[in-house]
Amino acid sequence: MDLGLTPEQIKSRKRFSDFVDEYIAPVADQNDRDEETPVELIKKLGEQGFLGAFIPEEYGGKGMDMVTAGLLCEEIGRGSASLLSLLTINGMVSQAILKWGTRAQKEHWLPGLATAEKVAAFGVTEPDIGSDAKSVETTAELSGNSYILNGRKKWISYGQVADLFLILAQCDGKPTTFLIERDTPGFSTTPITGLLGFRSAMLAEVQIEGCRVPEENLVGRPGFGFSHVTNVALDHGRYCVGWGCLGLAEACLQASLSYTSERKQFGTNLRGHQLIQEMIADMITNIKATRLLCYHAAYLKETGDPGMIMETSIMKYFASRMVNKIANDAVQIHGAHGCGSEYSVQRYLRDAKIMEIIEGSNQMQQIIIAKSGYMNFRLEKRKK
Amino acid sequence: MTNDEIKERIKAFICQFIQNVDIPDDEDLFASGLVNSLFAMQLVLHIEKEFQLKVANDDLDYENFKSINAITDFIGQKDLNSETK
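To keep things clear, this report deals only with the structure shown in the data block. Every chain is numbered independently, its residues counted from 1 as its sequence is written. Whichever chain is written first is A, and whichever ligand is written first is 1; the rest continue in order. In keeping with the predicted nature of the model, local features appear solely for residues at pLDDT of at least 70, side-chain atom pairs appear and are counted solely at 80 or more, and the whole-chain, interface and lining totals rest on all residues. Heavy atoms throughout the structure, all of them, feed into the side-chain values; hydrogens and water do not.

**A few points about the overall build of chain B**
Of regular secondary structure, chain B possesses 4 helices and 0 strands. A run of DSSP states H or I qualifies as a helix once it reaches four residues; a run of E qualifies as a strand once it reaches two. Both are numbered from the N-terminal end. Ordered by position from N to C terminus, the α and β elements of chain B give α-α-α-α. For 85 residues, the compact-globule estimate of 2.2 N^0.38 gives 12 Å, and chain B sits close to it at 12 Å. The principal-axis extent of the C-alpha atoms belonging to chain B is close to 40 × 25 × 20 Å. Radius of gyration means the value over C-alpha atoms here, while the globule rule gives 2.2 Å times the residue count to the 0.38 power.

**As for the packing of aromatic side chains**
Working definition: a ring pair exists when centres of Phe, Tyr or Trp rings (six-membered ring for Trp) sit within 6.5 Å. Plane angles under 30 degrees give stacked, over 60 give edge-to-face, the rest tilted. A full pass over the atoms with the stated rule returns 15 aromatic pairs over all chains. Ring centres of Phe 13 of chain B and Phe 39 of chain B lie 6.2 Å apart, and the angle between their planes is 25 degrees; on these two criteria the pair is classed as stacked. Of this pair, Phe 13 of chain B sits in helix H1 (residues 3-15) while Phe 39 of chain B is found in helix H2 (residues 37-51), placing the two residues 26 residues apart along the sequence. Residue Phe 13 of chain B shares its accessibility class with Phe 39 of chain B, and that shared class is buried. Here the aromatic residues Phe 13, Phe 17, Phe 30, Phe 39 and Tyr 62 of chain B are joined through ring pairs into a cluster of three or more. Placement of a charge over a ring requires the Lys NZ or Arg CZ to be within 6 Å of the ring centre, with the centre-to-atom vector within 35 degrees of the ring normal. Above the plane of the ring of Tyr 239 of chain A lies Lys 301 of chain A, whose end atom (NZ or CZ) is 5.3 Å from the centre. Each residue is placed in one exposure class: buried if its accessible area under a 1.4 Å probe, protein chains only, is under 20% of its type's maximum, exposed if it is over 50%, and partly exposed if it falls in between.

**A closer look at the interface of chain A and chain B**
Tallying the contact residues gives 25 residues for chain A and 26 residues for chain B. Take the accessible area each of two parts loses on contact, using a 1.4 Å probe, and add the two losses: that sum is the buried area. A per-residue breakdown of the area chain A buries against chain B is headed by Trp 100, Arg 221 and Pro 306 of chain A, which together make up 24% of the total. One speaks of a salt bridge when a side-chain nitrogen belonging to Lys or Arg is within 4 Å of a carboxyl oxygen belonging to Asp or Glu. Counting across the interface, chain A meets chain B through 3 salt bridges. Ionic pairing is found between Arg 221 of chain A and Asp 58 of chain B, a salt bridge with its closest N-O pair at 3.6 Å. Polar contacts, as counted here, are pairs of nitrogen or oxygen atoms within 3.5 Å of one another; within protein the pair requires one atom able to donate a hydrogen and one able to accept it, and residues that are adjacent in sequence qualify only if both atoms are side-chain atoms. Linking chain A with chain B are 3 residue pairs in polar contact (both at pLDDT 80 or more), by the criterion used here. Only helix H4 (81-100), helix H6 (225-262), helix H8 (308-339) and helix H10 (362-383) of chain A provide two or more residues apiece to the side of chain A that touches chain B. Sorting elements by how many residues they give to the side of chain A that touches chain B places H6 of chain A first, with 6 residues. We call two residues in contact when some of their heavy atoms are within 4.5 Å.

**Regarding helix H3 (residues 66-79) of chain A**
In an α-helix there are 3.6 residues to a turn, and that puts residues three or four apart on one side. Residue and element names in this part refer to chain A. When the terminal C-alpha atoms of H3 are compared, their 20 Å separation across 14 residues agrees well with the 20 Å that a helix rising 1.5 Å per residue should span. Taken across its 14 residues, H3 has 14 buried, putting it largely inside the fold. Between the side-chain oxygen of the N-cap and the backbone nitrogen of Val 67 there are 3.0 Å, and the N-cap of H3 in question is Asp 65. Given a helix with a known number of residues, its expected span is that number minus one, times 1.5 Å.

**So, a nonpolar patch on the surface**
Residues and elements named next belong to chain A. By definition, no residue in a patch forms a salt bridge, and every one has over 30% relative accessible area; like charges are joined within 9 Å, nonpolar side chains (Val, Leu, Ile, Met, Phe, Trp, Tyr) within 5 Å. Surface accessibility in these figures is a Shrake-Rupley result with a 1.4 Å probe; residues are shielded only by whichever protein chains are displayed. On the surface, Met 1, Leu 3 and Leu 292 cluster together to form a nonpolar patch covering roughly 410 Å² of accessible area. Mapped onto the fold, Leu 3 is located in the segment before helix H1 (7-34). Using a relative accessible area of 45% as the deciding quantity, one classes Leu 3 as partly exposed.

**Comments concerning the pattern of salt bridges**
All chains considered together, the criterion is met by 23 salt bridges over all chains. Between Lys 78 of chain B and Asp 59 of chain B there is a salt bridge, with its nearest N and O atoms 2.9 Å apart. Taken together, the positions of Lys 78 of chain B in helix H4 (residues 68-84) and Asp 59 of chain B in the loop between H2 and helix H3 (62-65) put the pair 19 residues apart, joining distant regions of the chain. For Asp 59 of chain B, a relative accessible area of 10% gives the class buried. Overlapping salt bridges bring together Asp 21, Glu 75 and Arg 78 of chain A as one network.

**What to know about H4 of chain A**
For H4 of chain A, which comprises 20 residues, the first-to-last C-alpha distance of 28 Å matches the rise-based estimate of 28 Å (1.5 Å per residue) to within 8%. Buried residues dominate H4 of chain A, accounting for 19 of its 20 residues.

**A word on the side chain of Thr 72 of chain B**
Residue and element names in this part refer to chain B. Within the secondary structure, Thr 72 is located in helix H4. At 2.7 Å, the side chain of Thr 72 and the backbone oxygen of Ile 68 are in polar contact. For Thr 72, the residues in contact, after removing those within four places along its chain, are Asn 3, Ile 6 and Lys 7.

**A closer look at the environment of Leu 83 of chain A**
Residue and element names in this part refer to chain A. Its place among the elements puts Leu 83 in helix H4. A relative accessible area of 2% places Leu 83 in the buried class. Taking the C-alpha atoms as reference points, Leu 83 and Ile 42, separated by 41 residues in sequence, lie 8.5 Å from one another.

**Some details on the nonpolar core**
Across soluble globular proteins, nonpolar side chains have a tendency to be buried as a group. Judged by nonpolar contacts, the single largest core of 149 residues is most densely connected at Ile 76, Leu 149 and Trp 243 of chain A together with Ile 14 and Ile 47 of chain B. With 17 residues, H6 of chain A is the largest single contributor of residues to this core. Not counting residues up to four positions away in its chain, the partners in contact with Ile 47 of chain B are Ile 10, Gln 52, Leu 53, Val 55, Phe 65, Ile 71, Phe 74 and Ile 75 of chain B. Take the buried Ala, Val, Leu, Ile, Met, Phe, Trp, Tyr and Cys residues and link them wherever side-chain atoms come within 4.5 Å; each set so joined is a nonpolar core.

**Digging into unusual backbone geometry**
Residue and element names in this part refer to chain A. One non-glycine residue, Tyr 158, adopts positive backbone phi at about 55 degrees. Mapped onto the elements, Tyr 158 comes out in the loop between strand S3 (146-156) and strand S4 (164-171). According to the relative accessible area criterion, Tyr 158 is buried, its value standing at 0%. Backbone geometry at Asp 172 places phi at a positive 55 degrees, although glycine is not the residue there. For Asp 172, a relative accessible area of 75% translates into the label exposed.

Shown next as structure tokens:
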């Protein structure tokens, strides 16, 4: 069993890390305060091919292996959880198109999404619908060779700037997904500000009022929009979020190691206090445990193993809980400084909380993980 | 691969998810509420890995996945198509 990275993966990680240190980390706090991601930064991600990490080369992407793409999510997450969500949602839409789109849809949309020429957003959540996603209230009615969509979506990451939206709607009572372009008549977005975390992820509420969408923009088939299309996207989202939590936790650890090495109380550096050491030790151990779960999920994804859905859920659940504990401890270690704007740890804590809610709340993960446990228990009993 | 072999493999997979091991071959898995929505994608991944097939947009027909018999016929047909290509 070899859990080490290949020389190519190590090289890629260094490239990602250098990029984050130069272009993302130095501006992340300011972007958080401005509640904005500069367009130039999005373009830079596109130029690097980062938004095409999971898109095959034949469609203009980088076709990275699952570990390398995970390392990219980790590094971006270390710099800015908000920016990670751009990578996440762009990837979610890309993966939905890649798996269930027509050849024409793949050829038309994926090259632009791979290079940030187009930015995608994922529209499932509504003002009154969250976890019960298959019950969305947005409607789609067939009219000639088009569909007419009506409804509202809320909490849509990068909804303020996205060019293309994957929207889940009810078509004759069947969950169905459509691609809608921003310039479609009847389509508009309203910025959502003042959020707890992901403040520079430019969230928006989306209004869809009589939007006429050509039938060639239907992704998958009517009735398969939730079970197949949305679930492919959510599984991908959880994968990116899990790795991103790892990066965010690493940022908390590095900040804590640095601060406790310099700050003196009672005549000695904080690092000399055993109660501080306990928190540092737990951070290191939990980060290592999360990394193993990330590698395992990567291996299953790489091999197309059906177990990947459950393992990705477990990895995201563990990683998001882990990073909340770590970010909480990082602020605790920094004391009053950690609550102020001079240090990034207060942003880390606010962003960490969001990780427990997005791409399937942790309570939804708990339900499916527990059910899976009972299923395996039953199987083992049957074998005996 | 014969239809019987395909069916046995599909049954073995589905039995992991459903308590009742004696599911009739023509029982509608989804309408009966025996499986949840995650199962749909797990089934797709299983078909792709176990039978080395690609399930794509054109295959998204409820009739292909609704029962053990339907899934068996679907895989048999896909297998046949890939052999004749």
